[in-house]
Amino acid sequence: MNKGTYIILLKLKNELSFEIRKKKYILNPGIYAYVGSAMKNLHQRVGRHIDYKSGKYKKHWHIDNLLDKGDVLFSFIIPDGVYREEEISKKLSEKFQYIDGFGASDLKVKSNLFVIDDNEKFFLEIKKIIID
């Protein structure tokens, strides 16, 4: 199946500031998790995110601002054909600090971008999400 949800783990080495729709974002160096979905071409979408620095793509999604300056550490792909973006973002927002409004302008959640300050806790939450 080529539709589902994904989580990308990124590392920012330096502070990053940018503006989207008149909202200014300032992100500190650190590890971030981004939740997204694709109801078609899931593998291509994630591949595009991973390959963003190649210069073949124009900025389109909020995440492109991080991909431009950050490094993708790895991604989780859940190709089950189910839209889980909001469900996963809600669960992560209960456990991690989030960047308000990032990547979630068309959703009922506050954010799709999370500050990962505890890797062990993050992977435990991902395990619960994927396996449960």
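Residues numbered from 1 in each chain as written. Predicted model: local features only at pLDDT ≥ 70, side-chain atom pairs only at ≥ 80, totals over all residues. Heavy atoms only, no water.

Trainee: An account of the nonpolar core is needed here, citing residue identities and associated values.
Mentor: Ranked by size, the top nonpolar core spans 22 residues in total, and within it Phe-18, Leu-27, Tyr-32, Leu-66, Ile-99, Phe-102 and Leu-113 carry the most contacts. If you list the elements that add at least two residues to this core, you get strand E1 (4–12), strand E2 (16–20), strand E3 (23–27), strand E4 (30–38), helix H1 (42–50), helix H2 (64–69) and strand E6 (113–115). For this core, the leading source of residues is E1, giving 4 residues. Here Phe-18 is in contact with Lys-23, Lys-24, Tyr-25, Leu-27, Asn-65, Leu-66 and Phe-102, once residues within four sequence places are set aside. In terms of nonpolar packing, the next biggest core, distinct from the first, is built from 15 residues, Ala-33, Ile-78, Leu-92 and Ile-129 among them. (Core = buried A, V, L, I, M, F, W, Y, C linked by side-chain atoms within 4.5 Å. Buried < 20%, exposed > 50% of the residue type's maximum accessible area, 1.4 Å probe, protein only. Helix = DSSP H or I, 4+ residues; strand = E, 2+ residues; numbered from the N terminus. Contact = heavy atoms within 4.5 Å.)

Trainee: So what's going on with a nonpolar patch on the surface? Residues and values would help.
Mentor: Together, Leu-73, Phe-74 and Phe-123 line one region of the surface with nonpolar side chains, adding up to about 240 Å² of accessible area. Along the chain, Leu-73 turns up in strand E5 (residues 71–78). (Patch = residues over 30% accessible without salt bridge, like charges linked within 9 Å, V, L, I, M, F, W, Y side chains within 5 Å. Areas by Shrake-Rupley, 256 points an atom, 1.4 Å probe, with all protein chains shown as cover. Salt bridge = Lys/Arg side-chain N within 4 Å of Asp/Glu carboxyl O.)

Trainee: Provide a residue-level description of the pattern of salt bridges, including the pertinent values.
Mentor: If you walk through the whole model with that rule in mind, you get 11 salt bridges. Across the pair Asp-51 and Lys-56 runs a salt bridge whose closest N-O atoms are separated by 3.0 Å. Two residues, Glu-94 and Lys-90, come together in a salt bridge whose shortest N-O distance is 3.4 Å. Bridged by salt links that share partners, the residues Asp-80, Arg-84, Glu-87 and Lys-91 form one connected network.

Trainee: Lay out the confidence of the model for the chain with the relevant residues and their values.
Mentor: Looking at the chain, the pLDDT average stands at 89 and 95% of residues meet or exceed 70. When mean pLDDT is taken per element in the chain, E6 scores highest with 96 and E2 scores lowest with 85. (pLDDT = per-residue confidence, 0-100.)

Trainee: So what's going on with the packing of aromatic side chains? Which residues, and what values?
Mentor: Across all of its chains, the model carries 11 aromatic pairs by this definition. Taking 6.1 Å as the distance between ring centres and 75° as the angle between the ring planes, the aromatic pair formed by Phe-18 and Phe-102 counts as edge-to-face. Of this pair, Phe-18 sits in strand E2 while Phe-102 sits in the loop between helix H3 (85–93) and E6, and the two are 84 residues apart along the sequence. Here Phe-18 and Phe-102 have matching classes, each one buried. Between Tyr-34 and Phe-102 the ring centres are 6.2 Å apart and the planes differ by 90°, which places this aromatic pair in the edge-to-face class. With Tyr-34 in strand E4 and Phe-102 in the loop between H3 and E6, this residue pair connects regions lying 68 residues apart in the sequence. A residue is classified by how much of its surface remains accessible, and Tyr-34, at 5% relative accessible area, is buried. Here Lys-121 stacks its cationic end above the ring of Phe-96, 4.8 Å away from the centre of that ring. (Phe/Tyr/Trp six-rings, centres within 6.5 Å; stacked < 30°, edge-to-face > 60°. Lys NZ or Arg CZ within 6 Å of the ring centre and 35° of its normal.)

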